[in-house]
Amino acid sequence: MKTIEEQQKEFKQCGDDFADAAFPCTLEFTYEANPHMKYVISSKGLSKREYFAAQIMTGMMTTPDNIGHRKISAHLAVELADELIEALNKEKD
């Protein structure tokens, strides 16, 4: 099993597509018919923006007043996710 550091190094090698991934994963496997051949599947999963927006939307839908305003809540969740990402990026600098 690979360490987290080894996995992170692999994702950095995948390029910028994985830079904003919330749940990147790599699956390695072999088939019994050809055990010398290794197959690797990589997925970036949700973007951080999608993940944050989904979490914000989930919280917003716990308030009965917001349930009837799904489209407005969805747009607000995305805006809040963008603001969160912007604030997090400023903290890095």
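Here the residue index of a chain counts from 1 through its sequence in written order. Where totals are concerned, whole chains, interfaces and linings use all residues; where local detail is concerned, this predicted model gives features only for residues with pLDDT of at least 70, and gives and counts side-chain atom pairs only at 80 or more. Side-chain figures throughout are based on the complete set of non-hydrogen atoms in the structure, without hydrogens or water.

J.: An account of helix α2 (residues 48-60) is requested, with residue identities and associated values reported.
T.: Residues separated by three or four positions in an α-helix point in the same direction, a consequence of the helix having 3.6 residues per turn. Runs of H or I in DSSP of at least four residues are treated as helices and runs of E of at least two as strands, each being numbered from the N terminus. One less than the residue count of a helix, multiplied by 1.5 Å, gives the span that helix is expected to have. If you check α2, its first and last C-alpha atoms are 18 Å apart, about what 13 residues at 1.5 Å a residue would give, namely 18 Å. Where α2 is buried, its residues touch α3 (64-67) and α4 (70-92). Contact between two residues is taken to exist if any of their heavy atoms lie within 4.5 Å; hydrogens are not considered.

J.: Any details on the confidence of the model for the protein chain? Residues and values, ideally.
T.: Looking at the protein chain, the pLDDT average stands at 78 and 78% of residues meet or exceed 70. Looking at the elements of the protein chain, mean pLDDT is at its lowest for helix α1 (residues 4-13), recorded as 58, and at its highest for α2, recorded as 92. Confidence per residue, as judged by the predictor, is encoded in pLDDT with a range of 0 to 100.

J.: Outline the side chain of S47, listing residues and values.
T.: Along the chain, S47 turns up in the loop between β2 (34-43) and α2. What makes S47 buried here is its relative accessible area of 10%. The contact partners of S47, leaving out residues within four places of it in the chain, are D20, A21 and A22. Here's how the labels work: a residue is buried when its accessible area is under 20% of the maximum for its type, exposed when over 50%, partly exposed in between, all with a 1.4 Å probe on protein chains only.

J.: Requested: an account of the pattern of salt bridges, with residues and values cited.
T.: The term salt bridge refers to a side-chain nitrogen of Lys or Arg lying within 4 Å of a carboxyl oxygen of Asp or Glu. Per the counting criterion, the structure on display carries two salt bridges. In this structure, D82 engages R49 in a salt bridge whose closest nitrogen and oxygen atoms are separated by 2.6 Å. Highlighted residues: D82 in helix α4 and R49 in helix α2, separated in sequence by 33 residues. On the accessibility criterion, D82 (31% relative accessible area) is partly exposed. Here K90 and E86 are joined by a salt bridge, their closest N and O atoms 3.5 Å apart. You can see K90 and its partner E86 sitting in helix α4, four residues apart, about one turn around the helix. A residue is classified by how much of its surface remains accessible, and E86, at 45% relative accessible area, is partly exposed.

J.: Help me get a handle on the environment of A21, residues and values and all.
T.: The topology assignment puts A21 in the loop between α1 and β1 (25-31). Accessibility expressed as a relative area gives 8% for A21, which makes it buried. Distance in space between the C-alpha atoms of A21 and L46 is 6.0 Å, their sequence separation being 25 residues. Not counting residues within four places of it along the chain, the set of residues in contact with A21 comprises K44, L46, S47 and K48.

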